[in-house]
Amino acid sequence: MKYLKHLFLILCLSIVSLVKAEEGMWLPLLLEKMNEKHMKSLGMKMSAKDIYSINSGSLKDAIVSFNGGCTGEIISSKGLILTNHHCGFDAIQNHSTLDHNYIRDGFWAANYGQEIPNQGMFVTFIVRIEDVSKQTLNGVTPSMTESERQSTIDKNISEIRKTAKKETYQDGFVRGFFEGNQYYMFITETFRDIRLVGAPPSSIGNFGKDTDNWMWPRHTGDFSMFRIYAGKDNKPTNAYSADNIPYTPKRSLSISLDGVAEGDFTLVFGFPGRTTQYLQSAAVEQIMTVNDPAKIAIREKALNVIDGFMRKDEQIKIQYAAKYAGIQNSYKKWQGEVLGLTSTNALNKKKTYEAEFQKRVNANPQWKAAYGNLLGDLEAAYAEIKPYGYARDYYNEIASKIELLTMGGWMNSLVTSYEKDGEKGYNQRLEQVKYQLGSLYDEYNSTVDQKLYEVLIKMYLEDQDAKYQSPLLRDIAGKRGNDYAKMAADLFAEVDLDNREATKARLEKPAAEVVNYYKSNPVVLLYKDMVNSYSTTVTKNLNDVQARVNKMNRSYMQAQIDVFREKTFYPDANSTLRVTYGKVKGYNPRDAVKYDHYTYLDGVMDKYKPADYEFDVPEKLRSLYQAKDYGQYGANGKMPVCFIAMNHTTGGNSGSPALDAYGNLVGLNFDRVWEGTMSDINYDPSICRNIMVDIRYVLFVVDKYAGASHLIKEMKLVHPKKK
Ligand code: ARG
Ligand code: GLU
């Protein structure tokens, strides 16, 4: 009996370690082979072919990569797209004026004619995915240098793309997976006439702003709607045209009005950007102790400066809101990442895994010869990278926050274009610079920038090794006794690049005169010296070690696949179409605290602070709440708002659909919980959760709040649980 019990326990334990439940971002074309069984065991009621098929319509035909960085999905037979508010924000902001403030008030087109075109916006469908590893790696040998290898691969890829079967209006690209051990081709269809259909006011679409960002419990209705327009033949066009018509998609998602319960299966389909799950432990340790802390410290200083001005000045508050949110987003995420890696003992887990790896490798002579020294070599290489990585983070974070230096860079590019390509090159570049300057100045305040310069240049000169610093900057500081305030004041007094009118007037002058002026401009000289010292003392060395590390990582990745046969590996995110799945579930963020999986409109009202920048609630929403007027969208007298699940997502999954066991739309992904943002490096089922808006809240806002019931009529609403 005792023996049996023991056996049973061992069996259970080994099953648990084999089925690493909800972790993973899977390639849609491999689901049938790798995941279908597991997905069904978690409650999925459809087949892998329903999700991805190239022979018949499948759910993938309703998913788009939205404007490069986000995901969107088709929710009507008239090409209506749903994505996040923060993914459509640029467009919403661009169309906003003082009279038509769509950020503050929301926007709803009453008919096709009112839908607003967006220059440059695009969405991309994935027509099919093909394994092209063999063709891509044809001619690649182990003795090649990294650059020889890359040029062989590039040549192969261009051949593959040329000969790929596709229509004239389609395109194709090839991407590396598993550190370049495998390659897949994606045949795509890109539409470039995308019009804004609707967006809630930001007091709904971005409710809770930065305070609530990355947080659970969450109460944000983070959605907006667009429409794809196609030519009369329903094919993509290269730009907006008044003659274009709403696109008739191959597939649109049905929308469930039944919501989800704890334990329900959910699937998130989209374009996750970048993860690094297979790093050696020394690399993870460096992220936790060197890189994240450095970036956090710099951003904290920058945010303090900007926040100080935003609180005192309404104009600055408007100008810097988007910039502040952008800087704050990663700042907060990295903090959560360090916290989560620490609290889940990620480092120890990695080390245990590596010990097991080494043990298995040592036991097999062939593996031992090929992989025996890998871990040690990687560790040594990461030790080499450390100072350069820190210097890189310092340079990138600081240089990008001081906009005067950004402008110095642009002016320098005018000089180099002129010197290289004469007036013609200059004029081409000038057009771009003028455009870039225009949008920079719109959101620019010289006093804020001067303070940023003071505070960040101090960090640049005091917190890193002198050998990575700009000699010119050290000299300037030395002459002023390291008085950074004086340094900043002197520079900003000496130049007028921070002055829109002066710069605009100067750029009207003849090319030779402009070039002559900027050639010796103190900002341009400083910019050049910083870039120059950075590239000679940091980039060069970093690239050299990184090339070796990449090669070893490719080998380590293949080794892990060879050695851990019992494990199913998924490739790191690389902005290609993936499926993640899991269960709806709450979590324990810390000792004695338990979070539910659902939030309700009651919670919005609990957070409500009249006239507050982050937590104001529109009058109409308050009265709908008072009247409990939720129409067909409420559940048991309450209005669901957001929910969480164990789906493994990352940046780029914003706007991804959350689907139920049958493939109906139940939610819209927009964030992760703070404690679990380390899922990019080491997913842990105990605290990693993605955050979605309940689709019923989206429909309620469209229908009841905005009165845009004509949009609801386009959609297909279903009741899968009331069959
Ligand atoms: N954290 C989410 C993401 O990484 C949402 C960001 C936009 N929202 C915000 N309040 N900044 O993109
Ligand atoms: N908000 C993120 C995005 O823009 C998604 C959240 C995440 O990183 O998981 O893609």
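### Quick look at the site of ligand 2
Reasoning step 1: Every residue near ligand 2 is listed here: His86, Trp214, Thr649, Thr650, Gly651, Gly652, Asn653, Ser654, Phe670, Asp671 and Arg672.
Reasoning step 2: A distance of 3.0 Å is found between an oxygen atom of ligand 2 and a backbone nitrogen or oxygen belonging to Gly651.
Reasoning step 3: The contact in question runs from an oxygen atom of ligand 2 to an N or O atom on the side chain of Arg672, over 2.6 Å.
Reasoning step 4: In the complex, 88% of the free accessible area of ligand 2, which totals 290 Å², lies under the protein chains.
Reasoning step 5: Grouping the amino acids of the shell around ligand 2 by side-chain chemistry returns two nonpolar, seven polar and two charged.

### Observations concerning the confidence of the model for the protein chain
Reasoning step 1: Averaged over every residue, the pLDDT of the protein chain is 95; residues scoring 70 or more account for 97%.
Reasoning step 2: Here residues 8-19 is a poorly scored stretch, pLDDT under 50, and it has two contacts once near neighbours within four places are set aside; other chains count.

### Focus: the side chain of Glu614
Reasoning step 1: Within the fold, Glu614 resides in the loop between helix H23 (601-607) and helix H24 (619-626).
Reasoning step 2: No salt bridge is formed by the buried Glu614, whose closest oppositely charged neighbour, Lys609, lies at an N-O distance of 6.1 Å.
Reasoning step 3: If sequence neighbours within four positions are ignored, Glu614 has contacts with Phe207, Gly208, Lys209, Asp210 and Thr211.

### Structural notes on the site of ligand 1
Reasoning step 1: The environment of ligand 1 is made up of His86, Asn206, Lys209, Asp210, Asn213, Trp214, Ala325, Asn329, Phe670 and Asp671.
Reasoning step 2: In the environment of ligand 1, a nitrogen atom lies 3.4 Å from a nitrogen or oxygen atom belonging to the side chain of Asn206.
Reasoning step 3: One of the side-chain nitrogen or oxygen atoms of Asn213 is found 2.7 Å away from a nitrogen atom of ligand 1.
Reasoning step 4: For ligand 1, whose accessible area on its own is 330 Å², the fraction buried by protein is 85%.

### What to know about the packing of aromatic side chains
Reasoning step 1: Following the criterion strictly, the structure yields 29 aromatic pairs and no others.
Reasoning step 2: With a centroid separation of 6.1 Å and 70° between ring planes, the pair formed by Tyr453 and Phe492 is classed as edge-to-face. Taken together, the residues span a long stretch of sequence, with Tyr453 in helix H17 (residues 446-462) and Phe492 in helix H19 (residues 484-494) at a distance of 39 residues.
Reasoning step 3: Judged by its relative accessible area of 2%, Tyr453 is buried.
Reasoning step 4: The structure contains a cluster of three or more aromatic residues connected by ring pairs, namely Trp26, Tyr278, Phe569 and Tyr570.
Reasoning step 5: The ring of Tyr613 has Lys209 lying over it, and the distance from NZ or CZ to the ring centre is 4.9 Å.

### Considerations on the pattern of salt bridges
Reasoning step 1: The tally for this structure, following the rule as stated, stands at 42 salt bridges.
Reasoning step 2: In this structure, Lys49 engages Glu32 in a salt bridge whose closest nitrogen and oxygen atoms are separated by 3.3 Å. Highlighted residues: Lys49 in helix H4 (residues 48-51) and Glu32 in helix H2 (residues 31-34), separated in sequence by 17 residues.
Reasoning step 3: Between Asp212 and Lys607 there is a salt bridge, with its nearest N and O atoms 2.7 Å apart. Separated by 395 residues along the polypeptide, Asp212 in helix H10 (residues 209-212) and Lys607 in helix H23 bring together distant segments of the chain. When sorted by exposure, Asp212 lands in the same class as Lys607, which is buried.
Reasoning step 4: One network of salt bridges, with partners in common, ties together Glu356, Lys359, Arg360 and Glu566.

### Let's talk about the nonpolar core
Reasoning step 1: Met225 and Leu267 are the most contacted members of the largest nonpolar core, which totals 202 residues.
Reasoning step 2: Per-element accounting of this core gives the leading share, 15 residues, to helix H22 (residues 522-563).
Reasoning step 3: Judged by nonpolar contacts, the second largest core, of 10 residues, contains Val132, Ala164, Tyr183 and Ile187.

### Description of the state of the cysteines
A disulfide bridge is the covalent bond that connects two cysteines by way of their sulfur atoms.
Reasoning step 1: Applying the stated criterion across every chain yields a total of one disulfide.
Reasoning step 2: Here Cys70 engages in a disulfide with Cys87; their sulfurs sit 2.1 Å apart. Handedness here is read from the sign of the S-S torsion; for Cys70 and Cys87, about -80°, the answer is left-handed. One end of the pair, Cys70, is in strand E2 (residues 70-74); the other, Cys87, is in helix H5 (residues 85-94), and 17 residues separate them in sequence.
Reasoning step 3: What makes Cys70 buried here is its relative accessible area of 11%.

Cut-offs and rules
Residues numbered from 1 in each chain as written. Chains lettered and ligands numbered in written order. Predicted model: local features only at pLDDT ≥ 70, side-chain atom pairs only at ≥ 80, totals over all residues. Heavy atoms only, no water. Near = heavy atom within 4 Å. Polar contact = N/O pair within 3.5 Å; in protein donor to acceptor, adjacent residues only side chain to side chain. Areas by Shrake-Rupley, 256 points an atom, 1.4 Å probe, with all protein chains shown as cover. Nonpolar A, V, L, I, M, F, W, Y, C, P; charged D, E, K, R; others polar. pLDDT = per-residue confidence, 0-100. Contact = heavy atoms within 4.5 Å. Helix = DSSP H or I, 4+ residues; strand = E, 2+ residues; numbered from the N terminus. Buried < 20%, exposed > 50% of the residue type's maximum accessible area, 1.4 Å probe, protein only. Lys, Arg positive; Asp, Glu negative; His and termini not counted. Salt bridge = Lys/Arg side-chain N within 4 Å of Asp/Glu carboxyl O. Phe/Tyr/Trp six-rings, centres within 6.5 Å; stacked < 30°, edge-to-face > 60°. Lys NZ or Arg CZ within 6 Å of the ring centre and 35° of its normal. Core = buried A, V, L, I, M, F, W, Y, C linked by side-chain atoms within 4.5 Å. Disulfide = S-S within 2.5 Å.

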